[in-house]
Amino acid sequence: SRFFSMNHELQTQFQTSLLLYQAEHVKALVQGMNEHEERMKEERMRSLQDLRKTLDEQVKQPKNNALAKDDPLDLEACGPASLQRFSGEDNLHNDRKKIQQDQ
């Protein structure tokens, strides 16, 4: 009976130790996952800041500040692509709309 009592006590201690080990293992995994998530969040923030910085720099370049529609073109400031006219463009739309409203 004493042997079974000691055996039961050893089993209980082993199970307790195993549970503690598993709990520590889970805790370490969760901590690692949290640290990884935090690093990824910081990386996304840096990437977003870099993108914003790049976009802000690009907006400051004169070539990226397009003229408003129907403004007169300064051909010295425009490249050859600015002279293209695509099928489907309707430069007289506003004039026609005004004439229709007057009728």
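As shown above, the structure is provided for reference.
A. Looking closely at the overall build of the protein. Tallying secondary structure elements over the protein gives two helices and zero strands in all. The buried share among the 103 residues of the protein stands at 0%.

B. Fine view of the pattern of salt bridges. For the structure shown, the criterion picks out one salt bridge. The partner of Glu-43 in a salt bridge is Arg-46, and the shortest N-O contact between them spans 2.9 Å. With Glu-43 and Arg-46 both in helix H1 (residues 2-60), this residue pair falls three residues apart, about one helical turn. For Arg-46, a relative accessible area of 42% puts it in the partly exposed group.

C. Fine view of a nonpolar patch on the surface. A surface patch of nonpolar side chains, about 340 Å² in accessible area, is lined by Met-45, Leu-48, Leu-51 and Leu-55. Structurally, Leu-55 can be placed in helix H1.

Reading the values: rules and limits
Residues numbered from 1 in each chain as written. Predicted model: local features only at pLDDT ≥ 70, side-chain atom pairs only at ≥ 80, totals over all residues. Heavy atoms only, no water. Helix = DSSP H or I, 4+ residues; strand = E, 2+ residues; numbered from the N terminus. Buried < 20%, exposed > 50% of the residue type's maximum accessible area, 1.4 Å probe, protein only. Salt bridge = Lys/Arg side-chain N within 4 Å of Asp/Glu carboxyl O. Patch = residues over 30% accessible without salt bridge, like charges linked within 9 Å, V, L, I, M, F, W, Y side chains within 5 Å. Areas by Shrake-Rupley, 256 points an atom, 1.4 Å probe, with all protein chains shown as cover.

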